[in-house]
Amino acid sequence: MVDLIDPSPWSRRRLLRTAGLAGLGLALGPSVLAACGGGDTAGGGGTTPVRVALGWITNVEFAGFWIAQDRGYYADEGLEIDFLPGGPNAPQPTATLAAGGADIAVPVAMQAFLSAVNEGNDFVTYGAMFQSAPSAVLSLAARPVRSAADLVGARVLGQQGVQPYIEAAMRLAGVPLDYTFIPAGFEPSPLLEGQGDVYTCFATNQPIYLEQQGLVADRDFFVTTYESMGLPQYAGMLCSQRSWLDANRDTVVRFMRATVRGWQDNAADPTVAAKLAVTDFGADLGLNLDQQIRENQLQIDFTTSDLTRSSGLMRIDPARVAGPIYTAFQAAGVTPLPDAGRIVDTSVLDDVFAGGSTV
């Protein structure tokens with residue numbers, strides 16, 4: 001099955017979007033109070049250890065986690081978190097989860113979670129870092145692509161494996177599957193050189209490269225997300241073995257409460273987690289602070305939706321999964337698709353936001 005969300009390490013490092021903090025209005029919906037503490041701590045006292053397998057390297061992509069760790073939100077909840085980095089040489093987090101090497105996995109791609117379920121794993125998801133995946137197409141002013149219809153007749157520069165999603169967008173739009181696919185790498189210079197008309201990208205990744213060249217979004221270049229072309233997805237989904245969730249439900253509620261607090265704080269000041277990524281959690285990665293700040297500013301937009309503004313961050317709507325998201329996967333030829341009501345647990349975040357408490 002094709003991995004739409006994360007076809008490359010280079011793009012995974014920049015899971016971001018060209019939209020600033022100012023445009024969000026910081027309407028994040030219900031917030032959570034500080035720790036309730038207690039719960040099923042190890043040995044009847046002390047802290048409860050939780051192993052979290054990440055879908056990529058420890059950069060600013062996981063901003064909310066870093067703030068929650070640094071500000072003691074996990075400790076407030078009686079938790080000791082061990083973050084297991086991902087990366088090109090690390091196993092997929094769902095594989096680590098299936099093997100018992102982690103309690104919680106955070107695959108970057110929604111399809112990675114679905115694939116793991118289809119492989120026979122009894123996984124359940126109870127939250128998502130991002131309400132919308134940043135998969136997109138990038139075009140220039142000479143031939144802007146603002147809809148799937150604009151792909152007709154286009155020379156599409158892209159990574160192998162994205163073709164089913166290009167065709168799914170066109171199929172859902174009811175336009176002819178008339179385009180030329182040209183294999184390309186993970187930086188958009190071929191587009192600037194005129195080798196194609198449109199480049200498959202992450203809305204939060206390659207456009208930054210164009211900005212660095214002095215180009216201006218919505219004037220010199222255009223970013224059109226797959227979601228705007230009818231292919232919505234969640235991204236950065238948190239999941240566990242169902243048996244572990246059932247046995248450690250209070251631990252998961254406490255973990256999610258602390259994590260939500262971290263993401264709420266992140267929206268208020270995107271520089272904090274960027275500095276933590278550069279100097280602490282990703283100190284050995286050679287990260288650039290300015291890039292990490294920009295990346296974090298841009299990714300905040302993906303954490304919000306109408307649902308989160310009314311019900312709190314990290315929510316997953318099973319009806320959206322079973323409806324438009326599965327429609328998009330079906331159009332791309334992705335099968336089978338597990339029962340959304342079984343693989344999504346909304347009750348964990350219901351407990352986190354119980355009473356509509358605020359910070």
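Residues numbered from 1 in each chain as written. Predicted model: local features only at pLDDT ≥ 70, side-chain atom pairs only at ≥ 80, totals over all residues. Heavy atoms only, no water.

**Concerning the confidence of the model for the protein**
For the protein, per-residue confidence averages 88 on the pLDDT scale, and residues scoring 70 or more make up 87% of the total. Under a pLDDT of 50 for its full length, residues 37-43 has, in the predicted model, 22 contacts with residues more than four places off or in other chains. (pLDDT = per-residue confidence, 0-100. Contact = heavy atoms within 4.5 Å.)

**Topic: the pairing of strand 10 (residues 235-241)**
Regular strands show a simple pattern: their side chains alternate between the two faces of the sheet. Extensive coverage of strand 10 is indicated by the burial of six of its seven residues. Where strand 4 (residues 123-130) meets strand 10, six bridges bridge the pair, whose relative direction is antiparallel. By the bridge assignment for strand 10, Ala128 is matched with Met237. (Buried < 20%, exposed > 50% of the residue type's maximum accessible area, 1.4 Å probe, protein only. Helix = DSSP H or I, 4+ residues; strand = E, 2+ residues; numbered from the N terminus. Pairing = 2+ DSSP bridges.)

**Some remarks on unusual backbone geometry**
Put simply, Thr335 and Pro336 share a cis peptide bond, and its omega is -10 degrees. For Asp218, which is not glycine, the phi dihedral falls at a positive 65 degrees. The residue Asp218 is located in the loop between helix 8 (206-212) and strand 9 (221-225) in this model. The exposed category is assigned to Asp218, whose relative accessible area is 61%. We note that Met314 has phi near 75 degrees; this positive angle belongs to a residue other than glycine. Inspection of the secondary structure puts Met314 in the loop between helix 13 (306-311) and helix 14 (318-331). You can call Met314 buried: its relative accessible area is 2%.

**Side note on the nonpolar core**
Counting residues in hydrophobic clusters, the biggest one holds 64 residues, and the most contacted among them are Phe65, Leu238, Phe255 and Met256. Ala154, Ala168, Tyr234 and Ile316 belong to the second largest nonpolar core, which has 43 residues in total. (Core = buried A, V, L, I, M, F, W, Y, C linked by side-chain atoms within 4.5 Å.)

**Let's talk about the sheet that holds strand 5 (residues 135-140)**
Judged by pairing direction, the sheet is mixed, and its five strands sit side by side in the order 7-6-8-5-9 without closing on themselves. Of all the strands in the sheet, the pair left with one neighbour each is strand 7 (179-183) and strand 9. Taking the axes of each pair of neighbouring strands and ignoring which way they run, one obtains an average angle of 30 degrees across the sheet. For strand 5 and strand 8 (residues 198-202), the ladder comprises five bridges, and the chain directions are antiparallel. Each bridged residue has a counterpart across the sheet, and for Val137 the counterpart in strand 8 is Thr200. Strands in contact with helix 6 (residues 163-173) are strand 5, strand 6 (154-158), strand 7 and strand 8; relative to strand 7, the strand with the most contacts, it is inclined by about 160 degrees. (Axes fitted to C-alpha atoms, helices over the stretch in contact; angles between N-to-C directions.)

**Brief notes about the side chain of Arg320**
Within the element layout of this structure, Arg320 appears in helix 14. Within polar-contact distance, the side chain of Arg320 engages the backbone oxygen of Gln131 at 3.0 Å. Among the polar contacts listed, one links the side chain of Arg320 to the side chain of Glu227, at a separation of 2.9 Å. (Polar contact = N/O pair within 3.5 Å; in protein donor to acceptor, adjacent residues only side chain to side chain.)

**Structural notes on the packing of aromatic side chains**
Throughout the structure, instances matching the rule amount to nine aromatic pairs. Relative to Phe83, the ring of Phe65 lies with its centre 5.6 Å away and its plane at 35 degrees, an arrangement referred to as tilted. With Phe65 in helix 2 (residues 63-70) and Phe83 in strand 2 (residues 79-84), this pair connects stretches of sequence that are 18 residues apart. When the ring of Trp66 is compared with that of Phe281, the centres are 4.3 Å apart and the planes differ by 10 degrees; the resulting orientation is stacked. Residue Trp66 is located in helix 2, and its partner Phe281 is located in helix 11 (residues 270-281); the two are separated by 215 residues in the primary sequence. (Phe/Tyr/Trp six-rings, centres within 6.5 Å; stacked < 30°, edge-to-face > 60°.)

**Some points on the pattern of salt bridges**
All told, the structure shown has 14 salt bridges when counted by the stated rule. In this structure, Glu211 and Arg294 form a salt bridge, with 2.9 Å as the shortest nitrogen-oxygen distance. Taken together, the residues Glu211 in helix 8 and Arg294 in helix 12 (residues 289-299) connect sequence positions 83 residues apart. A relative accessible area of 25% places Arg294 in the partly exposed class. Between Arg309 and Asp306 there is a salt bridge, with the nearest N and O atoms lying 3.1 Å from each other. Residue Arg309 and its partner Asp306 are located together in helix 13, separated by three residues, close to a single helical turn. (Salt bridge = Lys/Arg side-chain N within 4 Å of Asp/Glu carboxyl O.)

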